[in-house]
Amino acid sequence: MELFTNQILAGIATGAIYACMALAVVMIYQAIDHLNFAQGEMATFSTFIAWQLIQWGVPYWGAFLITLVFSFIGGILIERVLFKPLAKAPILTNVAGFIALFAIINSCSGLIWDFTIKQFPTPFGSSPFLGSQLISTHQAGMIGVTLILLLLLFFFFRFTRVGLAMRAAASLPESARLVGINTSWMIALGWGMATAIGSIAGMLIAPVVFLEPNMMLGVLIYGFAAAVLGGLTSPFGAVIGGFLVGIFENLAGTYIPNVGNELKLPIALALIITVLVVKPAGLFGRPIVKRV
Amino acid sequence: MSAVQEVVTEAPALDAVPKKAMTLGYGTSLVILALLIIVPLFVKNFIIFQLTMLLIYALAVLALNILTGGSGQFSLGQSAFYAVGAYTTAILMEHADINYALTLPIAGIICFVFGFLFGQPALRLSGVYLALATFALATAMPQLLKLGVFEHWTGGVQGLVVTKPDSPIAALFGHKISQDMWLYYFTLAISIAIYIFSVNLLRSRSGRAFMAIRDNEIAASAMGIDVALYKTLAFGVSAGITGVAGGLGAIAVQFVAPDSYTITFAISLFLGMVVGGVGWLPGSIVGSAFIIFVPNIAEGISKGLSGAVFGVLLFLVIYLVPHGARQVAMVAQHLIGKLKKN
């Protein structure tokens, strides 16, 4: 029984990583109705910027803030320059665009910061949290930040004018435009916010998995799995989905024989497919009704 | 958050492709065929090997084209089917001592079944969701191949070495026909057969059903088309052809290893399709040339930035020639027509 509780705790700790990433995935899905395959690479790039700033002697939280602003602006710029012209294009073109972006950013961060593994500092320290060997203070901090982020997003969407406008633009673009909402800028704003959240995820994840240009690939797949499990339309669901995926991964690793580190990605794959087949809207998502 | 249920009119996955535009005329086809037959007689073995790979990748791109251009479904997971085909051939050749030519249909059938089964969940998915599921399949495949359980057959991380087949007609012509050249013509024959099969498939009842589903799923089902069957069938056919390509690839490269079949490869194939023109079968060979030769050129421009050069080129294609090589070909045809009139 102790093993079981311990594994669940460890699962929550890793789940925090996925929850963070899933939150970013859901944000952009809300804004543009597409899954951004380059999201992980964008987050990695932001994290590298933070790393560079810290190397130059900027204090951690300063670097954190600068990176956040940089990512927000960067996300908006990418949308304005590259993806706005594709807004009306078929899905295929958009997917191709995301893949191109993925290749460009991945290759750039490899070129600028090379492929050696880098240590990334944590603001929370890495001593055991509350005497438990399974959760470090950093992981506890990560869970905290994720929950705060979720709360902030909830308030933003619920109680601010811009949040309301963004929701309107996402669910009924035509009507939103009629009541005077600039839907095109709402999409850009969505990109900016998603990129900023992605950069937070990147900076929180980097101390755990170490910083290198490909660090996000596995995490992104898990983030997708978490987002799909929680429902792509629900930020709250994404966070819960993240924790569930983390717990599931740990339990499967402990109790099913032959499932070790090497089967991590196949588990995510199986999870994604199972959820999509059994409950396509996810646990907390709204079902989508097709108009005939 | 909102009580209103979301109502979505789904955007088409891609622009409709007119049926006639999916193939080439007889004259052009014959010229290309003649070139493909004659050129290898005059070049070095390494170039023959590259041409063989060109044909093999063209087959894989063609398979994706049938799936996406034909039935309107996405796949970022073609590398997984290619890997299954390659491993089937390698294992049958090395462990069961089966003749290489016989392993190919087996690889094709196994991949067809695998694709058909994978198509089952794919039925429920459309657009981004399908891209996502296949993306996950492609990333998971190398890890599955490395599994300790299968190590006896797959060789684990090390992979398997495949013996290169000897040319059976070498004795007839002295030593003029090298192994590479034999393999090239063998691949060419199979490619032509598959190309003709694909063209006919798309012209057949099934092909029309694919296209009807691509253009409007709801209308197609109202016309009595079994949407579920044809969608999985498209997946199966596409996977089967990719499997044959994978098998040929294993024989040509003489080596299979899990890390040759990563998501990068799947992305290359996808890229090849976009560059060649979605839904235009002859474009497959243009796309294949792009994914074989452009990375070399990109590396020539800048070693570290090859990915970026690749990405930028892709963006250029999306913006400037959204229909890929097909658009270029059509413009060329138009110009030639004008010249003829004058």
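Residues numbered from 1 in each chain as written. Chains lettered and ligands numbered in written order. Predicted model: local features only at pLDDT ≥ 70, side-chain atom pairs only at ≥ 80, totals over all residues.

1. Notes on the overall build of chain B
A count of helices and strands for chain B gives 14 helices and three strands. Out of the 342 residues belonging to chain B, those deemed buried represent 51%. In chain B, once contacts between residues fewer than 6 apart in sequence are set aside, the share between residues at least 24 apart is 78%. (Helix = DSSP H or I, 4+ residues; strand = E, 2+ residues; numbered from the N terminus. Buried ≥ 20, exposed ≤ 12 C-beta atoms within 10 Å, placed from the backbone. Contact = placed C-beta atoms within 7 Å.)

2. A short note on the overall build of chain A
Within chain A one finds eleven helices and three strands. From first element to last, N terminus to C terminus, chain A shows the α and β order α-α-α-α-β-β-α-α-α-α-α-α-α-β. For chain A, the C-alpha radius of gyration of 19 Å lies close to 19 Å, the compact-globule estimate for 292 residues. By its C-alpha atoms, chain A is 60 × 50 × 35 Å across when sized along the principal axes. In chain A, which comprises 292 residues, the share counted as buried stands at 50%. (Rg over C-alpha atoms; globule rule 2.2 N^0.38 Å.)

3. Thoughts on the packing of helix H1 (residues 2–32) of chain A against helix H10 (residues 235–255) of chain A
Residues and elements named next belong to chain A. Look at H1 against H10: their axes get within 6 Å of each other, and the N-to-C directions meet at 140 degrees. One element, H1, and the other, H10, form an angle in the oblique class. At the point where H1 passes H10, the crossing takes the right-handed sense. Residue classes in the contact of H1 with H10 are distributed as 18 nonpolar, nine polar and one charged. (Axes fitted to C-alpha atoms, helices over the stretch in contact; angles between N-to-C directions. Parallel < 35°, antiparallel > 145°, perpendicular 65-115°, else oblique. Left-handed = near helix turned anticlockwise from the far one by under 90°. Nonpolar A, V, L, I, M, F, W, Y, C, P; charged D, E, K, R; others polar.)

4. Examining the packing of helix H6 (residues 161–171) of chain A against helix H8 (residues 183–209) of chain A
All names here are of chain A. Interhelical geometry of H6 versus H8 gives an angle of 105 degrees and a closest axis separation of 9 Å. Compared by their axis directions, H6 and H8 come out roughly perpendicular. Contact residues: H6 offers Ala 165, Met 166 and Ala 169, while H8 offers Thr 183, Met 186, Leu 189 and Gly 190. For the contact of H6 with H8, the residue count by class is five nonpolar, two polar and no charged.

5. Some words on the environment of Thr 52 of chain B
Residues and elements named next belong to chain B. With respect to the helices and strands, Thr 52 occurs in helix H2 (residues 45–71). Given 25 C-beta atoms within 10 Å, Thr 52 falls into the buried group. Sequence spacing of Thr 52 and Ala 252 is 200 residues, and the spatial spacing of their C-alpha atoms is 7.5 Å. Contacts of Thr 52, omitting those with residues within four sequence positions, involve Leu 183, Tyr 184, Thr 187 and Ala 252.

6. A short note on helix H10 (residues 227–253) of chain B
Residues and elements named next belong to chain B. When the terminal C-alpha atoms of H10 are compared, their 38 Å separation across 27 residues agrees well with the 39 Å that a helix rising 1.5 Å per residue should span. Most of H10 is tucked away, with 23 of its 27 residues classed as buried. A positive backbone phi angle near 65 degrees is found at Gln 254, which sits one or two residues after H10. (Expected span 1.5 Å × (residues − 1).)

7. Focus on unusual backbone geometry
Residue and element names in this part refer to chain B. The phi dihedral of Asp 97 falls on the positive side, at around 55 degrees, and the residue is not glycine. The exposure class of Asp 97 is exposed, given the 7 C-beta atoms found within 10 Å. Non-glycine residue Gln 254 carries a positive phi angle of around 65 degrees. One can find Gln 254 in the loop between H10 and strand E3 (255–256).

8. Quick notes on the nonpolar core
Note that soluble globular proteins tend to have their nonpolar side chains buried in a common cluster. Formed by 203 residues in total, the largest nonpolar core has its most connected members in Ala 22, Leu 23, Val 25, Ile 99, Ala 225 and Ile 272 of chain A together with Leu 59 of chain B. Considering every element that reaches this core, the biggest residue donor is H1 of chain A, with 18 residues. Beyond its immediate stretch of four places on either side in the chain, Ile 99 of chain A contacts Phe 37 of chain A together with Ile 267, Phe 270 and Leu 314 of chain B. (Core = buried A, V, L, I, M, F, W, Y, C linked by C-beta atoms within 7 Å.)

9. Focus on the confidence of the model for chain A
Residues at a pLDDT of 70 or more form 92% of chain A, whose mean pLDDT is 82. Per-element confidence in chain A is highest for helix H3 (residues 60–83) of chain A, whose mean pLDDT is 91, and lowest for strand E3 (residues 289–290) of chain A, whose mean pLDDT is 62. (pLDDT = per-residue confidence, 0-100.)

10. Focus on the confidence of the model for chain B
Residues and elements named next belong to chain B. The share of residues in chain B with pLDDT of 70 or more is 87%, and the mean pLDDT across the chain is 81. With pLDDT under 50 throughout, residues 1–11 is counted as low confidence; its partners more than four residues away or in other chains account for 20 contacts. Among the prediction metrics, the complex's ipTM stands at 0.77, with pTM recorded as 0.82.

11. So, the environment of Ile 247 of chain A
Residue and element names in this part refer to chain A. Inspection of the secondary structure puts Ile 247 in helix H10. A count of 19 C-beta atoms within 10 Å places Ile 247 in the partly exposed class. Between the alpha carbons of Ile 247 and Asn 214 there is a distance of 24 Å; along the sequence they are 33 residues apart. Once residues lying within four places of it in the same chain are set aside, the contact partners of Ile 247 are Ile 8, Gly 11, Ile 12 and Gly 15.

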